Amino acid sequence: MSKLKYESPVIKKMNAGLMNKFGTRTEYQPLKHIDGVAVKDMIAKYGSPLFVLSERKMRNNYQAALRAFKTRYPKVQFAWSYKTHYNNAVCNVYHQEGSWAEVVSGFEYQKALKNGVPGNKIIFNGPDKSIDELNEAIKNDSLIHIDHFDELYTLIELSEKAVKKPRVAIRVNMDTGIYPLWDRFGFNYENGTAWNAITKIVASGKLNLVGLHCHIGTYMLAPWAYATAASKLCDLAWHAKNQLNNPVQYIDLGGGFPSANTLKGAYLPGSDTVPHIEEFAEAIASTIIAYGFKPDELPLLILESGRALIDDAGYLLGTILANKRLSDGRRATILDFGVNMLFTSFWYDHKISPAQDFTHHSEDQVLYGPLCMNIDVIRESVNLPLLNKGDQVVVHKVGAYNMTQWMQFIAMRPNVIMIDMKGETHLIRQKETLQYLEMPEEMPLHLKEFKL
Ligand SMILES: *Cc1c(COP(=O)(O)O)cnc(C)c1O
């Protein structure tokens, strides 16, 4: 039997109450396997830290969301939000499931095309589309979602020389009862700007108004806000048909459905408080169906859900570098991954599980990343078993946004792997090297040499 490690005694304040429905010890289960693959084997093979994606979980999430909407509404189409996670292997999982692409920049648009998404199944959102990008989107019959009047006028101008009539929708912002209002994108509903844009498009005769779009926020906890949004879009669609004789083919409610992560400062864990995707589907579908369209004239319902479909399919594996006592006596644990690769730790209290068995000691501790920067804190205070140098941990629900918002500040980005349906692991993004990092750099001649 190996000798147990000595842990110095500490005095602990006991907190009564403050439990969630699973009791107080939910973070005390070791997580040794993901989809049947051993955490320690993955770290041994691919290094630490390491991002892991579960293909099974992604497909299950997609199918559950599609089922939730399809059983309540006859015509449903999902479009994968590239900015949520644009690794090509990840995008192709959703495309294989039947998802179109939703992009908010020129390079995302190119990625979708290169992945093989037909141009007419790419939705082009965002306030910044260049002339070249718009021309290409027109040529490819893509769905161009107009953000502002300047873009609308540009499109009318471009349509003069284009061989095809651009297919467009407008992005609408509105008061959904959630504050602060997201009114910086698109045209406002309440003050009439959205209707103004619609009439201009139809009157121009140059653009084909095929849809109406909104994206009311992200990590939205209120299904009724979507009912409000759906009803306002239906209202515009109704008037476009009856007043302008321009029925729209689709209504796009965007994304924003929450994952089960826990927001910082939340009283209860996200898994207890976040509504199920079926509640959002119910709110949206019942509103559109009850609005008054004839059954054969119901618009196609498009959804651009990102976060809710991938967050819990992503894990970050890491290793303990050291632990120390802070001057106030608190225990601090230093991990080998920081906020540069876990951007979402700024607003989520990510659940973290040890990846091996541990003693029955536990202590409130602060989890630091390895960066030389004071804000590099993964958890300000979490009660965890005592983790020691070389121990491994798993961070849960990191699939959304981290692998697009990450940066190589101080530490470079690590390997990313996917576990397929059979439990095989595949490298889907190599860890970065100094050569990769310096590739775009140029050295002026006069700075090439120095003597010290
Ligand atoms: C970011 C974004 C989405 C995806 O949002 P999630 O919160 O990840 O579901 C969808 N549509 C648009 C226009 C977006 O900007």
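Residues numbered from 1 in each chain as written. Predicted model: local features only at pLDDT ≥ 70, side-chain atom pairs only at ≥ 80, totals over all residues. Heavy atoms only, no water.

Section: the overall build of the protein chain
Inference 1: Across its full length, the protein chain holds 13 helices and 20 strands.
Inference 2: Here the protein chain has a C-alpha radius of gyration of 25 Å; the compact-globule value for 452 residues is 22 Å, and the two agree.
Inference 3: With the principal axes as the frame, the protein chain shows a C-alpha extent of 80 × 65 × 45 Å.
Inference 4: In the protein chain, buried positions account for 51% of the 452 residues.
Inference 5: Once local pairs closer than 6 in sequence are excluded, the contacts in the protein chain between residues at least 24 apart make up 69%.
Inference 6: Summed over all atoms, the accessible surface of the protein chain reaches about 22100 Å², with 54% contributed by carbon and sulfur. (Helix = DSSP H or I, 4+ residues; strand = E, 2+ residues; numbered from the N terminus. Rg over C-alpha atoms; globule rule 2.2 N^0.38 Å. Buried < 20%, exposed > 50% of the residue type's maximum accessible area, 1.4 Å probe, protein only. Contact = heavy atoms within 4.5 Å. Areas by Shrake-Rupley, 256 points an atom, 1.4 Å probe, with all protein chains shown as cover.)

Notes on the domain arrangement of the protein chain
Inference 1: Annotation of the protein chain at the domain level lists domain 1 (33–52 + 313–433) and domain 2 (55–311).
Inference 2: Computed over C-alpha atoms, the centres of domain 1 and domain 2 are 33 Å apart.
Inference 3: Interface of domain 1 and domain 2: buried area, both sides summed, is about 2300 Å²; carbon and sulfur atoms make up 53% of it.
Inference 4: Broken down residue by residue, the surface that domain 1 buries against domain 2 is led by Y348, Y401 and M421, which jointly contribute 30%.
Inference 5: The interface formed by domain 1 and domain 2 includes two salt bridges.
Inference 6: Close ionic contact of E380 with K264 constitutes a salt bridge, the shortest N to O distance being 3.4 Å.
Inference 7: At the surface where domain 1 touches domain 2, the tally comes to 19 residue pairs in polar contact (both at pLDDT 80 or more).
Inference 8: Mapped by element, the contributors of at least two residues to the side of domain 1 that touches domain 2 are α12 (402–405), β19 (416–419) and β20 (425–429).
Inference 9: Along the lines of polarity and charge, the residues of the side of domain 1 that touches domain 2 split into 12 nonpolar, six polar and six charged. (Domains from an automatic or database assignment. Buried area = accessible area lost by both parts, 1.4 Å probe. Salt bridge = Lys/Arg side-chain N within 4 Å of Asp/Glu carboxyl O. Polar contact = N/O pair within 3.5 Å; in protein donor to acceptor, adjacent residues only side chain to side chain. Nonpolar A, V, L, I, M, F, W, Y, C, P; charged D, E, K, R; others polar.)

Focus: the packing of aromatic side chains
Inference 1: The final tally for this structure, using the stated rule, is 20 aromatic pairs.
Inference 2: Between F343 and W347, the ring centres sit 6.1 Å apart and the planes meet at 80°, which makes this aromatic pair edge-to-face.
Inference 3: Under the relative-accessibility criterion, F343 is labelled partly exposed at 21%.
Inference 4: Its relative accessible area of 32% is what places W347 among the partly exposed residues. (Phe/Tyr/Trp six-rings, centres within 6.5 Å; stacked < 30°, edge-to-face > 60°.)

Focus: the environment of V339
Inference 1: By secondary structure assignment, the location of V339 is in the loop between β14 (331–335) and β15 (352–354).
Inference 2: Sequence separation between V339 and V377 is 38 residues, and the spatial gap between their C-alpha atoms is 6.9 Å.
Inference 3: With near-sequence residues (within four places) excluded, V339 lies in contact with S345, F346, L371, M373, I375, D376, V377 and I378.

As for a nonpolar patch on the surface
Inference 1: A surface patch of nonpolar side chains, about 280 Å² in accessible area, is lined by F346, W347 and I375.
Inference 2: Summarising the element assignment, F346 is placed in the loop between β14 and β15. (Patch = residues over 30% accessible without salt bridge, like charges linked within 9 Å, V, L, I, M, F, W, Y side chains within 5 Å.)

Comments concerning the pairing of strand β18 (residues 392–395)
Inference 1: Here β18 shows a buried face lined by Q392 and V394 and a second buried face lined by V393 and V395.
Inference 2: Where strand β13 (residues 314–325) and β18 come together, four bridges link them in antiparallel fashion. If you follow L317 over to β18, its bridge partner there is V394. (Pairing = 2+ DSSP bridges.)

Quick notes on the site of the ligand
Inference 1: The ligand sits among 16 residues. The nearest are K83, T218, G256, E304 and Y401.
Inference 2: Measuring from an oxygen atom of the ligand, one finds a side-chain N or O atom of K83 at 2.6 Å.
Inference 3: Bound to the protein, the ligand loses 94% of the 390 Å² it would expose on its own. (Near = heavy atom within 4 Å.)

Some details on the side chain of N246
Inference 1: Residue position: N246 is located in the loop between α8 (223–244) and β11 (250–252).
Inference 2: Beyond its immediate sequence surroundings of up to four residues, N246 is in contact with V202, L209, A240 and K241.

Here's the deal with the nonpolar core
Inference 1: Core analysis: the largest hydrophobic core is formed by 99 residues, its most contacted members being F69, I170 and L253.
Inference 2: The dominant element in this core, judged by the number of residues it contributes, is α8, at nine residues.
Inference 3: Looking at this core, you find at least three residues from each of domain 1 (33–52 + 313–433) and domain 2 (55–311).
Inference 4: Setting aside residues no more than four positions away along its own chain, I170 makes contact with I146, F187, A194, A197, I198, I201, L209, G211, L212 and H213.
Inference 5: Membership of the second largest hydrophobic core comes to 14 residues, among which are M42, Y46, Y315 and L317. (Core = buried A, V, L, I, M, F, W, Y, C linked by side-chain atoms within 4.5 Å.)

Focus on unusual backbone geometry
Inference 1: In the segment running from S48 into P49, the intervening peptide bond is cis, with an omega of -5°.
Inference 2: Relative to the elements of secondary structure, P49 occurs in the loop between α1 (39–46) and β3 (50–54).
Inference 3: A cis amide bond, omega 0°, links Y179 with the succeeding residue P180.
Inference 4: Inspection of the secondary structure puts P180 in the loop between β8 (167–173) and β9 (187–188).
Inference 5: Its identity as a non-glycine residue notwithstanding, D35 has a phi of 50°, on the positive side.
Inference 6: Backbone geometry places I410, a non-glycine residue, at a positive phi of 70°.
Inference 7: Inspection of the secondary structure assignment puts I410 in the loop between α12 and β19.

Section: helix α7 (residues 193–204)
Inference 1: Over its 12 residues, α7 runs 16 Å from end to end, which matches the ideal 16 Å to within 8%, given 1.5 Å per residue.
Inference 2: As for α7, its buried residues are in contact with β7 (143–146), α6 (149–161), β8, β9, β10 (208–213) and α8.
Inference 3: Directly beyond the C-terminal end of α7, a positive phi value near 70° is found at G205. (Expected span 1.5 Å × (residues − 1).)

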